[in-house]
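# Chain and residue survey
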Amino acid sequence: LASPVIAQEVVVVEPELPEGYPPTMGEVSGTLGGEAVKWETFDFSIGAFDASAWVGAGYEDPLMTLHLMAYPPGEPDTMAGRVYAEAEFGEALHLGEGVNVAVSIMQGDDIDGARLSSEGQSAVLIVDSIGPARDDSYNRRMTGKITAHLCPVDWAGLDCQDLELSFDTDVQLETTVVVTE
């Protein structure tokens, strides 16, 4: 005997986002090619870590890596124009200069698409301060500087430009992050 087919309606429930979502974590500002620029970092976390500024260890190797993904001010949904910087800090996050620094500014949505990039150029990321651990948070306040010479990758019509930035933002630390102060 054939069994009856029962139709089921699948309802997808989107979580109700609180007013002011996502909260701003901090800012990244300075100059690009001599012109003033500014971005903001945001905390997209809803039940899991998802901040645009974070430190975590790699899967294959335990180096602590600082990641700063900052968006145009007040536009956390705008992918074009984001700035992304990352630097490794060894077995523990610490004050001073990171290594293997990469900096880019995206033209569109794709992080590997058209962009201004420090690849093959010079880039420096320095952490000037790391705030104290907070009892109720995985976030710590961090300040620092980024300098880089950025050149276009698949982005026609742009010349190489110098980038000089300061950052002052909360940074989400994964549970495995070791900090030396």
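Structural data are supplied above this passage.
All figures in this text were calculated on a predicted structure; none of them were measured in a lab. (Residues numbered from 1 in each chain as written. Predicted model: local features only at pLDDT ≥ 70, side-chain atom pairs only at ≥ 80, totals over all residues. Heavy atoms only, no water.)

## Focus on the nonpolar core
- W39, L66, V103, L125 and F167 are the most contacted members of the largest nonpolar core, which has 38 residues in total.
- With five residues, the top contributor of residues to this core is strand 11 (residues 161–173).
- Among the nonpolar cores identified, the runner-up in size contains six residues, and F42, F44, M69 and M106 belong to it. (Core = buried A, V, L, I, M, F, W, Y, C linked by side-chain atoms within 4.5 Å. Buried < 20%, exposed > 50% of the residue type's maximum accessible area, 1.4 Å probe, protein only. Helix = DSSP H or I, 4+ residues; strand = E, 2+ residues; numbered from the N terminus.)

## Details of the state of the cysteines
- Considering all chains together, one arrives at one disulfide under this definition.
- Here C151 connects covalently by a disulfide to C160, the sulfurs 2.0 Å from one another. The S-S bond linking C151 to C160 shows a torsion near 115°; that makes this disulfide right-handed.
- Its relative accessible area of 40% is what places C160 among the partly exposed residues. (Disulfide = S-S within 2.5 Å.)

## Brief notes about the pattern of salt bridges
- Taken as a whole and judged by the stated rule, the model has six salt bridges.
- Where D170 meets R141, a salt bridge forms, and the shortest distance between an N and an O atom there is 3.2 Å. Of this pair, D170 sits in strand 11 while R141 sits in strand 10 (residues 139–153); the two residues are 29 residues apart in sequence, bridging distant segments of the chain.
- D170 gets classed as buried once you look at its relative accessible area, which sits at 14%. (Salt bridge = Lys/Arg side-chain N within 4 Å of Asp/Glu carboxyl O.)

## Considerations on unusual backbone geometry
- A cis geometry characterises the amide bond from Y21 onward to P22, with omega recorded as -10°.
- Even without being a glycine, N100 presents a positive backbone phi close to 50°.
- Among the structural elements, N100 can be located in strand 7 (residues 99–106).
- With relative accessibility at 56%, the residue N100 sits in the exposed group.
- Backbone geometry places D154, a non-glycine residue, at a positive phi of 55°.
- Exposure remark for D154: the relative accessible area of 67% places this residue in the exposed category.

## As for the environment of S52
- With respect to the helices and strands, S52 occurs in the loop between strand 2 (35–42) and strand 3 (53–57).
- Look at S52 and you get buried, because its relative accessible area is 3%.
- Here the alpha-carbon distance between S52 and V171, two residues 119 residues apart in the chain, equals 8.2 Å.
- If we ignore the near neighbours within four places in the chain, the residues touching S52 are M25, T41, F42, F44, H67, L68, M69 and Y71.
- One polar contact links the side chain of S52 to the main-chain amide nitrogen of F42, over a distance of 2.8 Å. (Contact = heavy atoms within 4.5 Å. Polar contact = N/O pair within 3.5 Å; in protein donor to acceptor, adjacent residues only side chain to side chain.)

## Considering the side chain of D170
- Reaching out from D170, the side chain makes a polar contact with the side chain of R134 at a distance of 2.7 Å.
- When residues no more than four places from it in sequence are discounted, the contact partners of D170 are M25, A53, R134, N139, R140 and R141.

## Thoughts on the packing of aromatic side chains
- Enumeration over the complete set of coordinates arrives at four aromatic pairs.
- Taking 6.0 Å as the distance between ring centres and 70° as the angle between the ring planes, the aromatic pair formed by F42 and Y71 counts as edge-to-face. A residue pair is termed long-range when its members are at least 10 positions apart, and F42 in strand 2 and Y71 in the loop between strand 4 (64–70) and strand 5 (83–88) qualify at 29 residues.
- Ring geometry for F49 versus Y138: centroids 4.9 Å apart, planes at 70°, classification edge-to-face. Highlighted residues: F49 in the loop between strand 2 and strand 3 and Y138 in the loop between strand 9 (123–130) and strand 10, separated in sequence by 89 residues.
- A relative accessible area of 38% places F49 in the partly exposed class.
- Residue class for Y138 comes out partly exposed when judged on its relative accessible area of 46%. (Phe/Tyr/Trp six-rings, centres within 6.5 Å; stacked < 30°, edge-to-face > 60°.)

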